[in-house]
Amino acid sequence: MLDQIRPAYRQIARAGYVRISVGRAQRQERSRGVPMIKMILAVDSGNAIGWKNGDLPWKIPADMKRFKELTTGGTVVMGWSTYVSLGRPDGLPNRKNLVLTRRPYSEIRGQFGNVDIISSLDYVQRLNDQCTMGVGCDTAGVCFADAYGAPSQCPLNNEIWIVGGASVYNEVIDRQMVDEIYLTVVHANSGADVTLKHDFSAWKHFVLQQQKIGVYWDLIDIQNPTVVQPSPGITFVKLKKLS
């Protein structure tokens, strides 16, 4: 299976710097139905994710399809600028939308539709912990969290997706909130002006840098899907944090 990984990464793996598991995670899964915090993003070769006006520097059908298939039915967490850039008052359809902003309510009143406004990622972490602390949740999101095993409704869907923008991505990585990363590396330099603190364009280096602070990531999958010209080539990478 390692033959599917580019030679440079095989060398890193053989040197013992990172554990490789293509196709499955070598860590104990959480109880079935318990929410996990996942991050999904696309970066170009310059580690850029977009323009400051909210525009994306690319529209790649394969990447857009992957995003929709993965996040539909879950909870998406985004910053205010990302929300505004959608042009959808009710946020992304068929998903629970949490919009993070520290703007006063008087400033944003009337500017949002059927979404939940939160002022801190602590809200997401707290609700996630509320379910994780129990013996588990069923597929309807009902968690057994109290000392007597009494069920309580988990307020989040089973999959929590961090979808941008840059400040939100940076914070969840710095706070080590993320369990899985779904990364698209775009094989082009768009020249876009919003870049990330952590260099995901060099994701192997990111894994090694995280190891230095005691955070270990498992490579679960890597793919190079077929794209139609003039779209640039892309690589899908999935990383999972080891417990």
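Preceding this paragraph is the structure being described.
Before going into details, it helps to say that this report is about the structure given with it. Keep in mind that this is a model prediction, so the values were computed, not measured.

Notes on the nonpolar core
Judged by nonpolar contacts, the single largest core of 35 residues is most densely connected at Met39, Leu41, Ile181, Leu183, Phe200, Trp203 and Leu239. When residues of this core are traced back to their parent elements, those giving at least two are β1 (36-43), β4 (96-100), β8 (159-162), α6 (166-174), β9 (180-186), α7 (203-212), β11 (217-223) and β12 (234-241). Looking at which element gives the most residues to this core, the answer is α6, with 5 residues. Ignoring anything within four residues of it in the chain, the contact list for Leu183 reads Leu41, Val43, Arg66, Phe200, Trp203, Thr235, Phe236 and Val237. Of all hydrophobic cores here, the second largest spans 12 residues; its members include Tyr83, Leu92, Val115 and Trp161.

Overview of the sheet that holds β9
The strand order across the open sheet built from 8 strands is β5-β4-β3-β8-β1-β9-β12-β11, with neighbouring strands paired in mixed fashion. Sheet topology places β5 (116-118) and β11 at the edges, where each strand pairs with a single neighbour. For this sheet the average axis-to-axis angle between neighbouring strands, irrespective of direction, equals 25°. The sheet strands contacting α7 are β9, β11 and β12, and the helix crosses β11 at an angle near 170°.

Topic: the side chain of His198
Along the chain, the position of His198 falls in the loop between β10 (194-195) and α7. In this structure, His198 is in contact with Asn47, Asn170, Ile173, Asp174 and Phe206, ignoring residues within four places of it in sequence.

Rules behind the numbers
Residues numbered from 1 in each chain as written. Predicted model: local features only at pLDDT ≥ 70, side-chain atom pairs only at ≥ 80, totals over all residues. Heavy atoms only, no water. Core = buried A, V, L, I, M, F, W, Y, C linked by side-chain atoms within 4.5 Å. Buried < 20%, exposed > 50% of the residue type's maximum accessible area, 1.4 Å probe, protein only. Helix = DSSP H or I, 4+ residues; strand = E, 2+ residues; numbered from the N terminus. Contact = heavy atoms within 4.5 Å. Pairing = 2+ DSSP bridges. Axes fitted to C-alpha atoms, helices over the stretch in contact; angles between N-to-C directions.

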